[in-house]
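Okay, here's what each chain looks like letter by letter:
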Amino acid sequence: MTPASHSSAEDVPCEEAAEAGTGGAHRLHDPQPGPVRVRIPHVLFEKMKADLRRPHPFAAERVGFLSVTTGRSEGGELLVLGIEYHVVPEAHYVEDHRVGVRIGVEAIRGALERIRSTQRGLFHVHMHDYRGVPGFSGTDRREQPRLVESFQRVGRRVPHGVLVLSDDSANAWVWLPGETEPVVPRQITIVGYPMALVVPDLPLIHVGQPAVSSLERFSRQSFLGPTSQSIIERARLGIVGLGGGGSHVIQQLAHIGFGHLCGFDGDLADETNLNRLIGAREDDAKRQTPKTEIAERLVRGLLPDADIVLHPGRWQDRPEVLRACDIVIGCVDSFAERRELETACRRYLIPYIDIGMDVHQIGGDPPRMAGQVILSMPDGPCMFCLGFLTEERLAREAAQYGAAGGRPQVVWPNGVLASTAIGVAMDIVTGWTRQRDRLVYLSYDGNTGEVKPHVRLRFLRNHRCEHYGVGDVGDPILHRIAV
Amino acid sequence: MATIDEQIRELLRHHPDAEEGTEAGVRYFLIPGLRLPDGCTPDRAAALLCPTARDGYPSRLFLEKRVSCRTARNWNVSNVRILERNWFAVSWRVNPNLRLAQMVAAHLEAFR
């Protein structure tokens, strides 16, 4: 639908606004980018599109509402996280051929009641059925602020807004709590496999603009797609653990050209790390160089101007840094750490890729080397669903707390697992293989060198997570207990 | 055995400010400013009760910080992140068949 013919005027919100005493119309001009990121799970995005594309008996288009929750990331940036879509029932549309769509007072009352009862933000959603970053029409500019004013009246402490979808992208205006003017998010991410990373103020990122920097350096990876390098330069990847696995990961990300990286590791290099820590030198072991420093040296050697945030400690000390990431790759040692990382990533709708390996020896048999690469996508099966994390395994690990001795670790399996994880991350970011909604649980047999889909995938009952729900997204809400 | 509602009412009688939250399907009870046994420094701390099995323990009581008490304890959980806060816990096993308020009291025995 062209902007000229698009008309989502709803007169009813004006009545609501008048009831609430908010005054007359307020036409918007050009909202400016603000400190906001919007994330919407791919499943939810598809659900909204499927509803909005349905022909209506008399309206030219459909509208809906999206409930959102929030979080804060680095620098106080607001994360707006889509969690639930609400269809406007047929009976709540009003026939009016002067406009593309009009919804009745019941639809607006329902929306306001939803805000009131949940104290969650609400976004009005409609769709322009073409590809690329959709724009807002003159009618949107005239009508939507009045609707959002009414939302703000009942939900003062949460953000509200307007979301417009296209076939493969989205655009939004976000009214921060207490603000009368909206802002344009710095980034809108459709979180899925593959991921759509939209920068509304740079719409060309999604319609074929080549990367402006270092075209020659990255020319051999241009097969990843015409916009791939600009997306790579925009995306922020986090690496937790910069030891044997993480050092491979960050080195590869730097070679690929990821310009925004963050990493966490509180360890110092020592002699036992030199058999596998990529980038480490003999003098690092002598000087006990922090692993974050070795990682930074590695990245700066390739990308001197990269935006790198490396924290020489645990990610739990700087969780807001992690929340700003588009993908997190975990290279941690324990199951308990994996559980915490996955929970944090799911909370802020971040795909989490886990890698790990171990060497076991039973009796006189040769040592067995095994590892895994798992993708935990926010709306897909979690590591509990996949049977990788179990309460029994966590209990066994907790019982061995403080057990002395370094576990066997060598460089080559870390390289295989890190490269495999990078392959997954690259496909999520660029979509170059054109696989969609791929489930990743790969097992690595270090004795044979095979990497193959884990047998558990065959027995997965469904592809929805049975452990994390809508209530696990966004900053946690603690309730006073009522019995 | 008391119903969960009865247990919660009892918990609230002892800790009127208690709140609840869930994460990954697990229900937690937050007790802001839980009074710790005599001899503990500080004498109060926010506590998070996980009344179900976790890490091989039938239940756990997490505190917002390590506290010192008369007996040295094995703090085997440091900075574990639950409900977006960092928590600490000592290795302390209590009877699995306790009511919520009893669980809190039994865990506090670790700090006497």
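Structure: see above.
Notes on the structure follow. (Residues numbered from 1 in each chain as written. Chains lettered and ligands numbered in written order. Predicted model: local features only at pLDDT ≥ 70, side-chain atom pairs only at ≥ 80, totals over all residues. Heavy atoms only, no water.)

Observations regarding the side chain of Thr289(A)
Residues and elements named next belong to chain A. In this fold, threonine 289 is placed in the loop between α7 (282–287) and α8 (291–302). By relative accessible area, threonine 289 is classed as buried at 2%. Among the polar contacts made by the side chain of threonine 289, one reaches the side chain of arginine 287 at a distance of 3.4 Å. Apart from the residues lying within four places of it in its own chain, the contact partners of threonine 289 are Leu268, Ala269, Asp284 and Ile294. (Helix = DSSP H or I, 4+ residues; strand = E, 2+ residues; numbered from the N terminus. Buried < 20%, exposed > 50% of the residue type's maximum accessible area, 1.4 Å probe, protein only. Polar contact = N/O pair within 3.5 Å; in protein donor to acceptor, adjacent residues only side chain to side chain. Contact = heavy atoms within 4.5 Å.)

A few points about the interface of chain B and chain A
Listed by partner, the interface residues are 30 residues for chain B and 27 residues for chain A. Ranking the residues of chain B by area buried against chain A places Asp55(B), Arg81(B) and Glu84(B) at the top, with a combined share of 25%. There are 3 salt bridges connecting chain B and chain A. Residue Asp55(B) is joined to Arg339(A) by a salt bridge in which the shortest nitrogen-to-oxygen separation is 2.7 Å. Applying the counting criterion to the chain B and chain A interface returns 11 residue pairs in polar contact (both at pLDDT 80 or more). Counting only elements with at least two residues in the side of chain B that touches chain A, the list comes to α1 (4–14), β1 (19–23), β2 (26–35) and β5 (77–82) of chain B. (Buried area = accessible area lost by both parts, 1.4 Å probe. Salt bridge = Lys/Arg side-chain N within 4 Å of Asp/Glu carboxyl O.)

A few points about the environment of Asp96(A)
All names here are of chain A. Assignment of secondary structure puts aspartate 96 in the loop between β3 (78–87) and α3 (105–118). Spatially, the C-alpha atom of aspartate 96 lies 20 Å from that of arginine 141, the residues being 45 residues apart in sequence. Side chain to side chain, aspartate 96 and arginine 98 meet in a polar contact 2.8 Å long.

Side note on the sheet that holds strand β9 (residues 236–240) of chain A
All names here are of chain A. In space, the 8 strands of this open sheet follow the order β11-β10-β9-β12-β13-β14-β15-β16, with mixed pairing throughout. Looking along the sheet, the strands with just one partner apiece sit at the ends: β11 (307–311) and β16 (450–453). Each adjacent strand pair in this sheet contributes to an overall mean axis angle of 15°, direction not counted. Sheet topology places β9 next to strand β10 (residues 260–264); 5 bridges connect them, and they run parallel. Bridge assignment links isoleucine 239 to a residue of β10, and that residue is glycine 263. Its contacts with the sheet put helix α6 (residues 244–256) on β9, β10, β11, β12 (327–330) and β13 (352–360), and the angle it makes with β9 is roughly 165°. α8 contacts β10 and β11 of the sheet and is inclined by roughly 165° relative to β11. (Pairing = 2+ DSSP bridges. Axes fitted to C-alpha atoms, helices over the stretch in contact; angles between N-to-C directions.)

A word on the packing of aromatic side chains
Residues and elements named next belong to chain A. Within this structure, the stated rule accounts for 7 aromatic pairs over all chains. Here the aromatic rings of phenylalanine 223 and tryptophan 432 are separated by 5.5 Å at their centres, their planes lie at 90°, and the arrangement is edge-to-face. Separated by 209 residues along the polypeptide, phenylalanine 223 in the loop between β8 (196–198) and α5 (228–234) and tryptophan 432 in the loop between α12 (411–430) and β15 (441–445) bring together distant segments of the chain. By way of ring pairs, the aromatic residues Phe136, Trp173 and Trp175 are connected into one cluster. (Phe/Tyr/Trp six-rings, centres within 6.5 Å; stacked < 30°, edge-to-face > 60°.)

Things to note about the pairing of strand β4 (residues 121–127) of chain A
Residue and element names in this part refer to chain A. Extensive coverage of β4 is indicated by the burial of 7 of its 7 residues. Relative to β4, strand β2 (residues 64–72) runs antiparallel, the two sharing 5 bridges. Bridging across to β4, glycine 64 finds its partner in valine 125. The sheet contact formed by β4 and strand β5 (residues 160–165) spans 5 bridges and is parallel. Looking at β5, one finds that histidine 126 is bridged to valine 164. A crossover connection joins β4 to the parallel β5 through helix α4 (residues 138–154); in handedness this β-α-β unit is right-handed. (Right-handed = clockwise from strand over helix to strand, strands pointing away.)

Limitation: the analysis is restricted to geometry and does not speak to function.
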